[in-house]
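Residues per chain are reported as follows:
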Amino acid sequence: MIYIADSNWNPTKSNPFTAKGLYDENWSAFLYDSDVSYFTNVYPGTNLHVIRFSPDADKNYIRLFDFLNYELSYQRNVILKVNIGMKAEDIIELFNKTPHQVRYRSSDENYMVHSTTLSAWESIKQDGALLSPNLLKENNRAVNEIGLKPMNEPKDYSDYIMLDVLDGCGELVVNSHNIGSVCIDPNTIYTPGVRLYFDVRKMFADELVTRDGLHPVKVKDRLPLRDYLLAAITANDFATNIKWTPSLFTQKANELFYLKYVRGAY
């Protein structure tokens, strides 16, 4: 169900929709927050799965509707807080009238990326596919899910392989794995892993894609390399004396991808 929070509520306060005021894995929240520049799933001091979006970054409620559709499919209760011109009740009514099939949108990118460590890349090549954390665990592989606890991510997130836009935060994930804790500094010196570039339009055409409002695209259980991988770029594709940061490697790898694998294909 969807519950509408009043203007005084925030995720560090008690749950106003339960008798004991508690949150558990059956609850999540979506907030429009003008203090957020784009979006974040970090909300200090709460044990609730929360996504905050700037109203300017989701003017057509696309990410909200993706979030609601995904959360409700897992039977979670969603707390919605809307501090924008349109009433929450009107947004919910619009959501209920909107088709929720996962399809390619004109706003989607043709290519998306999954960043991972070099050690993980060796296993991925052997498997011929990216496997979800839960599938890796079933195969007795060591899995370190950096964001699961600090960011209060739902357990079902572990059933998916996450993809990001090319200018996204994938390299921060790699550096977080490198240092063993969540890193949000894009300009720190780090050791790059591998950036895997995928044909997203083909994935949509093959109905492989799920959306959750936080990640633009994710795939359940298994993402085969043979059918969708376009390029794998590591630091070995560049000069050896570069002091890499997450932002610099993102930039240089994207430039090489477009030059060699996109424009070079024509």
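See the structure above.
It should be emphasised that the depicted structure is a prediction, and the values quoted were computed from it without experimental measurement. (Residues numbered from 1 in each chain as written. Predicted model: local features only at pLDDT ≥ 70, side-chain atom pairs only at ≥ 80, totals over all residues. Heavy atoms only, no water.)

Asks: Account for the sheet that holds strand β6 (residues 111–116), naming residues and giving values.
Replies: As summarised here, the arrangement of the three strands in space is β6-β9-β13, forming an open sheet in which the pairing is antiparallel. A strand with exactly one partner marks an edge of an open sheet, and here the two such strands are β6 and β13 (229–234). Across the sheet, the axes of successive neighbouring strands diverge by a mean angle of 20°, strand direction being ignored. Of the strand pairs in this sheet, strand β9 (residues 194–199) and β13 are connected by five bridges, and their pairing is antiparallel. By the bridge assignment, Phe198 is partnered in β13 with Leu229. Where helix α8 (residues 246–262) meets the sheet, its contacts fall on β6, β9 and β13, and the angle it forms with β13 comes to roughly 135°. (Pairing = 2+ DSSP bridges. Helix = DSSP H or I, 4+ residues; strand = E, 2+ residues; numbered from the N terminus. Axes fitted to C-alpha atoms, helices over the stretch in contact; angles between N-to-C directions. Contact = heavy atoms within 4.5 Å.)

Asks: So what's going on with the sheet that holds strand β10 (residues 209–210)? Residues and values would help.
Replies: The strand order β8-β11-β10 describes an open sheet built from three strands, whose pairing is antiparallel. The open sheet is flanked by β8 (160–163) and β10, the only strands paired with a single partner.

Asks: Help me get a handle on the nonpolar core, residues and values and all.
Replies: Among the nonpolar cores identified, the biggest contains 20 residues, and Phe30, Tyr32, Leu64, Phe65 and Leu80 are the most heavily contacted of them. When contributions to this core are tallied by element, the ones reaching two or more residues are β2 (27–32), β4 (49–53), α1 (62–73), β5 (77–81) and α2 (88–97). At five residues, the largest contribution of residues to this core is made by α1. In contact with Leu64, not counting residues within four places along its chain, are Phe30, Tyr32, Asp58, Leu80 and Ile91. Ranked by size, the runner-up nonpolar core spans 18 residues in total, among them Met112, Leu196, Phe198 and Val217. (Core = buried A, V, L, I, M, F, W, Y, C linked by side-chain atoms within 4.5 Å. Buried < 20%, exposed > 50% of the residue type's maximum accessible area, 1.4 Å probe, protein only.)

Asks: Describe the packing of aromatic side chains, and please don't skip the residues or the numbers.
Replies: A full pass over the atoms with the stated rule returns 24 aromatic pairs. Relative to Tyr258, the ring of Tyr111 has its centre 6.3 Å away and its plane inclined at 80°; by these criteria the two rings are edge-to-face. Of this pair, Tyr111 sits in strand β6 while Tyr258 sits in helix α8; the two residues are 147 residues apart in sequence, bridging distant segments of the chain. The structure contains a cluster of three or more aromatic residues connected by ring pairs, namely Phe30, Tyr32, Tyr38, Phe39, Phe53, Tyr61, Phe65, Phe67 and Phe95. We note Arg201 situated over the ring of Tyr104; from NZ or CZ to the ring centre the distance is 4.2 Å. For Lys218, the ring lying beneath its charged end belongs to Tyr160, and the centroid distance is 4.2 Å. (Phe/Tyr/Trp six-rings, centres within 6.5 Å; stacked < 30°, edge-to-face > 60°. Lys NZ or Arg CZ within 6 Å of the ring centre and 35° of its normal.)

Asks: Just give me the short version of the environment of Asp227, but keep the residues and values in it.
Replies: With respect to the helices and strands, Asp227 occurs in helix α7 (residues 225–228). Taking the C-alpha atoms as reference points, Asp227 and Phe198, separated by 29 residues in sequence, lie 9.2 Å from one another.

Asks: Outline the environment of Val217, listing residues and values.
Replies: As for its placement among the helices and strands, Val217 is situated in strand β11 (residues 217–220). Put simply, Val217 and Leu130 are 87 residues apart on the chain and 14 Å apart in space, counted from C-alpha to C-alpha. Beyond its immediate sequence surroundings of up to four residues, Val217 is in contact with Met112, Ile161, Met162, Leu163, Val200, Met203, Phe204, Val209 and Thr210.

Asks: Let's hear about α2: which residues, and what values?
Replies: Considered for burial, the residues of α2 that qualify are Ala88, Ile91, Ile92 and Phe95. For α2, the arc enclosing every buried residue in end-on projection is 100°, short of the 170-degree limit, so these residues lie on one face. Where α2 is buried, its residues touch β1 (2–4), α1 and β5. (Arc of directions from axis to C-beta.)

Asks: Run through the packing of α1 against α2, naming residues and quoting values.
Replies: Taken N-terminus to C-terminus, the directions of α1 and α2 make an angle of 70°; their axes are 11 Å apart at the nearest point. Judged by the angle between their axes, α1 and α2 are roughly perpendicular. Note on packing geometry: the crossing formed by α1 with α2 is right-handed. Each of Leu64, Phe65, Leu68, Asn69 and Leu72 in α1 lies in contact with α2, whose residues at this interface are Ile91, Leu94 and Phe95. Here the residues of the contact of α1 with α2 sort into seven nonpolar, one polar and no charged. (Parallel < 35°, antiparallel > 145°, perpendicular 65-115°, else oblique. Left-handed = near helix turned anticlockwise from the far one by under 90°. Nonpolar A, V, L, I, M, F, W, Y, C, P; charged D, E, K, R; others polar.)

Asks: Which residues make up unusual backbone geometry, and what values go with them?
Replies: Backbone geometry places Glu207, a non-glycine residue, at a positive phi of 55°. With phi around 70°, Asp221 is a residue other than glycine that occupies positive phi space. Of note, Asp221 is situated in the loop between β11 and β12 (222–224). According to the relative accessible area criterion, Asp221 is partly exposed, its value standing at 31%.

Asks: Kindly report on the pattern of salt bridges, identifying the contributing residues and their values.
Replies: As enumerated under the stated definition, the model contains 12 salt bridges in all. Note that Arg105 is salt-bridged to Asp66, the shortest N-O span being 2.7 Å. Taken together, the positions of Arg105 in the loop between α2 and β6 and Asp66 in helix α1 put the pair 39 residues apart, joining distant regions of the chain. Between Glu71 and Arg76 there is a salt bridge, and its shortest N-O distance comes to 2.6 Å. The exposure classification of Glu71 matches that of Arg76, with both residues buried. One salt-bridge network, held together by shared partners, links Glu71, Arg76 and Asp156. (Salt bridge = Lys/Arg side-chain N within 4 Å of Asp/Glu carboxyl O.)

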